[in-house]
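Chain by chain, the residues:
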Amino acid sequence: MTKAKISSKVVRARSLAIYELEKLFDYVRTIDPELEPDQAIVITAYILSDLPKLFQQNPALVDQIKEIAATQKLKRHHPAN
């Protein structure tokens, strides 16, 4: 089986997502500093799994995501010089 080549844009995007995920993980540990790292990771995963429910309960968050998506698509179609 051959591994598909991943574009540099995807690699950069993944790196950004991982960086932000680590910030969330660190934040969870500030809520309860006695958590072991693995426990904070499990709680972070729980938070991520609950995000769709949070979005459903807060349409303003969905609107904000749509605005960010529109901005990203504009950048794709009209890259800065």
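A short tour of the structure in this document, coming up. (Residues numbered from 1 in each chain as written. Predicted model: local features only at pLDDT ≥ 70, side-chain atom pairs only at ≥ 80, totals over all residues. Heavy atoms only, no water.)

1. Looking at the pattern of salt bridges
The test is simple: By definition, a salt bridge exists where a carboxyl oxygen of Asp or Glu is found within 4 Å of a side-chain nitrogen of Lys or Arg. Under the scheme used here, helices are H or I runs from DSSP no shorter than 4 residues and strands are E runs no shorter than 2 residues, and both carry numbers assigned from the N terminus. Burial classes: relative accessible area under 20% of the type maximum marks a residue as buried, over 50% as exposed, and values in between as partly exposed (1.4 Å probe, protein chains only).
In the structure shown here, the tally under the stated rule is two salt bridges. Note that K23 and E20 form a salt bridge whose closest N and O atoms lie 3.3 Å from each other. Of this pair, K23 and E20 both sit in helix α1 (residues 8–31), three residues apart, which is roughly one turn of that helix. The partly exposed category is assigned to K23, whose relative accessible area is 40%. The class of E20 is partly exposed, set by a relative accessible area of 37%. With its nearest N and O atoms 3.6 Å apart, the salt bridge here joins K53 to D50. With K53 and D50 both in helix α2 (residues 37–57) and three residues apart, this pair spans about one turn of that helix.

2. Remarks on a positive patch on the surface
This is how it is decided: Patch membership requires over 30% relative accessible area and the absence of a salt bridge. Like charges are linked within 9 Å, and nonpolar side chains (Val, Leu, Ile, Met, Phe, Trp, Tyr) within 5 Å. Where accessible areas are quoted, they stem from the Shrake-Rupley method and a 1.4 Å probe; at the residue level, only the protein chains shown are allowed to cover. As used throughout, the charge tally considers Lys and Arg to be positive and Asp and Glu to be negative, leaving His and the chain termini uncounted. Charged side chains are reduced to one point each, which is NZ for Lys, CZ for Arg, CG for Asp and CD for Glu.
On the surface, K9, R12, K73 and R76 cluster together into a patch of positive charge. For the positive patch, the secondary-structure elements that each account for two or more residues are α1 and α3 (59–77).

3. What to know about a nonpolar patch on the surface
A contiguous nonpolar patch, built from I6, V10 and V11 and spanning about 210 Å² of accessible area, is present on the exposed surface. Here V10 is to be found in helix α1.

4. Examining the environment of S49
To be explicit about the condition: Side-chain atoms alone can form a polar contact between residues adjacent in sequence; in general such a contact is a pair of N or O atoms within 3.5 Å, and within protein one must be able to donate a hydrogen while the other accepts it.
On the secondary structure map, S49 appears in helix α2. A sequence separation of 36 residues divides S49 from A13, and the C-alpha atoms of the two residues are 20 Å apart. At 2.8 Å, the side chain of S49 and the backbone oxygen of Y46 are in polar contact.

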